[in-house]
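One letter stands for each residue in the lines below.
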Amino acid sequence: MKNKLSPAIVCGFGAAVLSTIPGVKSVGCCLLLPAATVLSLYFYLRITSFSQSISVKTAMFIGLITGLSSALFSGFFEVIITYIFHTNDLVLTLPQVEILLNTYNLGDIGKETVAILRTMSKEITAYGFSLTYTSFLLFNNIFIDSMFGIIGGLIGMSIFNKKYFTKL
Amino acid sequence: MKNKLIIGLVLFLSMFWIAGFSIFSFLPKDNSFHVFYPILKMSYGRVCHQHLDKSFFVNGSYFLVCSRCTGIYIGSFIGLVTLLLPVKKYISSIFYYFVFFLVILMVDVVTNNFIFASYNKTTAFFTGYLFSFFAVYFIIFELKRNNFFHTSQREI
């Protein structure tokens, strides 16, 4: 089973690397992770010598592992890059977000939101790390990537079962 | 019946997802939900480049995903809605429709990003829409063909 999971981990790593490259993200968009999962399912089939069709359970499991792998690796890359450069998207876009939030009449809740964002931004600028930001980033990555990984798994299962295991 | 329940659940999640990226265009200015803007922007940023010049601008606010992603999500939503309608929907060549619109989508991605200087939001939206519409049909028909809904009904 360990050997059968390696395509998912490798493809998740590949998706994480590609998602950190701005130009590639612009092209791949929301299809990058499902495409990585489809590729990992293909490698899974190669490892099992195309012996049997992919079950829904297997497809979803491989999609989940690809998504988790991508989430953890991309989170790790983001933390490292933020630590080195002491800046990230949050710090860069904070002034525009503040202007936008100030245009709405949100009262105290708006002020508190801006204060939390400023605290995270200051921590990143000063130390290159913010625990609140990193926790949110990891939670967000794990949730979104797992979901898109599972969707990719279902797409891959449909394609490969149709292509390799349908009697004509 | 069980398959409609599962499709309905996915439809609800899909509706929730679409609401998340488009809600700021339809909320009143003083609505306190606007405090979630930075969080939702970051969440959707995980799966979309969010370039403003490639996103729809509605009611003085940009959607949190690009026009292609908007098309993909709305296409899957409409696909799921039509699957729930009580009409016969079996299309024997659904796989070829799926592949055809996948190729069209890829051609549009390449031409929009590498050949033409200007980005066409309308073609991006419709290529995404058609691809995901048929992708949803393809997946559901394959699941039905593999007795997924039948099996889950028995197990439950």
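What you see is a predicted model, and the numbers here were worked out from it, not measured in a lab.

Draft legend 1. Region of the structure containing the overall build of chain A. Secondary structure summary: chain A contains seven helices and zero strands in total. Counting from the amino terminus, helix and strand elements in chain A follow one another as α-α-α-α-α-α-α. Relative to the compact-globule value of 15 Å for 168 residues, chain A shows a C-alpha radius of gyration of 20 Å, a clear excess of over 25%. Based on the C-alpha atoms only, the size of chain A along its principal axes is roughly 65 × 35 × 25 Å. Within the span of chain A, comprising 168 residues, buried residues form 46% of the whole. Total accessible area on chain A stands at roughly 8900 Å², and carbon and sulfur atoms take up 70% of it. Both charge centroids of chain A, one from 11 positive and one from 7 negative side chains, sit 25 Å from each other.

Draft legend 2. Representation of the state of the cysteines in the model. Summed over the entire model, instances satisfying the criterion amount to zero disulfides over all chains. The cysteine A:C11 is free of any disulfide, with A:C30 supplying the nearest cysteine sulfur at 18 Å.

Draft legend 3. Spatial organisation of the pattern of salt bridges. Inspection of every chain in the model, using the stated rule, returns four salt bridges over all chains. A salt bridge links B:R46 to A:D145; the nearest nitrogen and oxygen atoms lie 2.7 Å apart. Separated into two different chains, B:R46 in the loop between α2 (37–45) and β1 (57–58) and A:D145 in helix α7 (residues 131–164) make up a pair that spans both. A residue is classified by how much of its surface remains accessible, and A:D145, at 2% relative accessible area, is buried. Put simply, B:E142 and B:R145 hold a salt bridge, and the shortest N to O gap is 2.8 Å. You can see B:E142 and its partner B:R145 sitting in helix α5 (residues 121–145), three residues apart, about one turn around the helix. A relative accessible area of 3% places B:E142 in the buried class.

Draft legend 4. Examining the interface of chain A and chain B more closely. With 38 residues of chain A at the contact, the number on the chain B side is 37 residues. Joining chain A to chain B, the criterion identifies one salt bridge. Our count for the chain A to chain B interface comes out at six residue pairs in polar contact (both at pLDDT 80 or more). Of all the secondary-structure elements, those providing two or more residues to the side of chain A that touches chain B are α2 (22–28), α4 (56–85), α5 (89–103), α6 (107–127) and α7 of chain A. Top element by residues in the side of chain A that touches chain B is α7(A). It accounts for 16 residues. Here the residues of the side of chain A that touches chain B are counted per class, giving 22 nonpolar, 13 polar and three charged.

Draft legend 5. Representation of α2(B) within the structure. For α2(B), the complete set of buried residues consists of B:Y37, B:P38, B:L40, B:S43, B:Y44 and B:G45. Tucked inside the fold, the buried residues of α2(B) contact α2, α5, α6 and α7 of chain A together with α1 (2–22) of chain B.

Draft legend 6. Broad picture of the packing of α5(A) against α6(A). Residues and elements named next belong to chain A. In the contact formed by α5 and α6, the axes pass within 10 Å of each other and the chain directions differ by 165 degrees. With respect to α6, the axis of α5 lies roughly antiparallel. In the packing of α5 onto α6, the handedness of the crossing is left-handed. Of the residues in α6, those touching α5 at L90, V91, L94, V97, E98 and L101 are T113, V114, L117, R118, M120, S121, I124 and T125. Of the residues that constitute the contact of α5 with α6, the class distribution is nine nonpolar, three polar and two charged.

Cut-off values and rules
Residues numbered from 1 in each chain as written. Chains lettered and ligands numbered in written order. Predicted model: local features only at pLDDT ≥ 70, side-chain atom pairs only at ≥ 80, totals over all residues. Heavy atoms only, no water. Helix = DSSP H or I, 4+ residues; strand = E, 2+ residues; numbered from the N terminus. Rg over C-alpha atoms; globule rule 2.2 N^0.38 Å. Buried < 20%, exposed > 50% of the residue type's maximum accessible area, 1.4 Å probe, protein only. Areas by Shrake-Rupley, 256 points an atom, 1.4 Å probe, with all protein chains shown as cover. Lys, Arg positive; Asp, Glu negative; His and termini not counted. Charge placed at Lys NZ, Arg CZ, Asp CG, Glu CD. Disulfide = S-S within 2.5 Å. Salt bridge = Lys/Arg side-chain N within 4 Å of Asp/Glu carboxyl O. Contact = heavy atoms within 4.5 Å. Polar contact = N/O pair within 3.5 Å; in protein donor to acceptor, adjacent residues only side chain to side chain. Nonpolar A, V, L, I, M, F, W, Y, C, P; charged D, E, K, R; others polar. Axes fitted to C-alpha atoms, helices over the stretch in contact; angles between N-to-C directions. Parallel < 35°, antiparallel > 145°, perpendicular 65-115°, else oblique. Left-handed = near helix turned anticlockwise from the far one by under 90°.

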